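# Breakdown of the fold
Listed below are the residues making up each chain.
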Amino acid sequence: MHARFLRASLASLTFSLAAQAQAQAQAVVDWPERPITLVVPFGAGGITDLTARTVAKQLQAELGKPVVVENKPGAGGNIAADIVARAKPDGYTLMVITNGMVAVNPLIHKQLNYDALKDFAYVSMIANTPLALVVPQSSPIQDLPALVARARSRPDAVSFASAGQGTSIHQVFALMQQQTGATLMHVPYKSGAEAATALLSGVVDVTAVETVVVGPFIQSGRMRALGVTSAQRVSNLADVPAAREALGGDFDVGSISGLVAPAATPQSILDKLEQAMQAVAQSEGMAQLHAQGSQPMPAGSQVFLERMRQEQQKWRLVFSAEPGK
């Protein structure tokens, strides 16, 4: 009697597990069946938010389901990363991640609740957006050599605003300080938009704004661009020198963005996403973003993961030498 009951229980359990596995497999095949959440780790108005909203619109057209953008700013992207790393790996929670979150945050935050390489599945890079170093139009600082000279002569007397520890703006000034010996005071905010507001309000002396969004500030006469952080000049700011022209060195910094999912997301869903992102990369929306100064990046999961490993090596050298370390 006992043996018969045990066999019946095992058979029932086996059937239940098989049914569950079949249901899960069918869910993967049918994905997506409902709206997808695309988490942005920074506030509205910055380049990551703008890029995410462009991708969401194009991805929605490719997948046939709504893609809803959800901003989760704070701690240089760490709050959003923690949420997404622990989200259900079913393809319905995605995130736009940046190179700073992967390569810099682990260097400057003693405790993180996520592992940037292990806790995410890397789908595809999206874009690399250089920045323009800017001062208010009323500033006496006319060019990058003058900025560096002032910061050298009066350490910490020149302040810069960033979108938070580890973000692309922070990276720009960390690299500048390493290469020039200047020392600036860091004033972190939650977004690039807040950093720009701080500059225009006279709270800080200098910041960096992504080339995609800086144009109106310059055209209106509210900001003056001292240099761009790409290896060469950018088309929409052709009169602004590249930082390496003015300062020398290997000065090439940009906000590299890409799409990730929780690490255990089924491969078949990741493959669908990667294929969809290849189409997104060729879309009119992304072309418009590139025309404003953003640079296209190679699509695909493997090239994305390899680039992030390279970014880790690059920024480890910079932040190990940052003032205060």
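This write-up is about the structure you can find in this document. By convention here, each chain's residues receive numbers from 1 onward along its written sequence. Reporting in this predicted model follows two pLDDT cut-offs: at least 70 for local features of residues, and 80 or more for side-chain atom pairs to be given and counted; totals over whole chains, interfaces and linings ignore these cut-offs and use all residues. Note: side-chain values were computed over all heavy atoms of the structure, leaving out hydrogens and water.

## Observations regarding helix H13 (residues 301-319)
By the criteria applied, helices consist of DSSP H or I runs no shorter than four residues and strands consist of E runs no shorter than two, each listed in order from the N terminus. Take the number of residues in a helix, subtract one, and multiply by 1.5 Å to get its expected span. Between its first and last C-alpha atoms H13 spans 27 Å; for 19 residues at 1.5 Å apiece the expected length is 27 Å, and the two agree. Only protein chains enter the area calculation, which uses a 1.4 Å probe; residues under 20% of their type maximum are buried, those over 50% are exposed, and those in between are partly exposed. Within the sequence span of H13, burial applies to Ser-301, Phe-304, Leu-305, Met-308, Glu-311, Gln-312, Trp-315, Val-318 and Phe-319. Taken down its axis, H13 places every buried residue within 130° of arc, on the same side. Projecting away from the buried face of H13 at angles above 90 degrees are the exposed residues Gln-302, Gln-313 and Leu-317. In this description, one arc is meant: the one made by directions from the helix axis to the C-beta atoms.

## Remarks on the pairing of strand S9 (residues 254-262)
For S9, the tally of buried residues reaches 9 of 9 residues, placing the bulk of the element in the interior. When strand S3 (residues 93-98) meets S9, the two strands line up antiparallel, connected through 4 bridges. Along S9, the bridge assignment pairs Met-95 with Val-260. Alignment of strand S4 (residues 120-136) against S9, held across 9 bridges, turns out to be antiparallel. Along S9, the bridge assignment pairs Phe-120 with Pro-262. Whether two strands pair depends on DSSP finding at least two bridges between them.

## Here we look at the environment of Leu-270
One can find Leu-270 in helix H11 (residues 267-281). Classification of Leu-270 by relative accessible area gives buried; the value is 10%. Separated by 149 residues in the primary sequence, Leu-270 and Ala-121 have C-alpha atoms spaced 7.9 Å apart.

## Here's the deal with the side chain of Asp-90
Examined against the element boundaries, Asp-90 turns out to sit in the loop between helix H3 (78-85) and S3. On the basis of relative accessibility, which here comes to 16%, the residue Asp-90 falls in the buried class. Within the structure, Asp-90 has its side chain in polar contact with the side chain of Arg-34 (distance 3.3 Å). Here Tyr-92 takes part through its backbone nitrogen, which lies 3.1 Å from a polar atom of the side chain of Asp-90. Whenever two N or O atoms come within 3.5 Å, that pair is a polar contact, provided that in protein one can donate a hydrogen and the other can accept it, and provided that, for residues adjacent in sequence, both atoms are side-chain atoms.

## Some details on the environment of Val-39
By the element assignment, Val-39 lies in strand S1 (residues 36-40). Contact definition: two residues touch when any of their heavy atoms are within 4.5 Å. Excluding anything up to four places from it in sequence, Val-39 contacts Glu-70, Lys-72, Ala-80, Val-84, Thr-93, Leu-94, Met-95 and Val-96.

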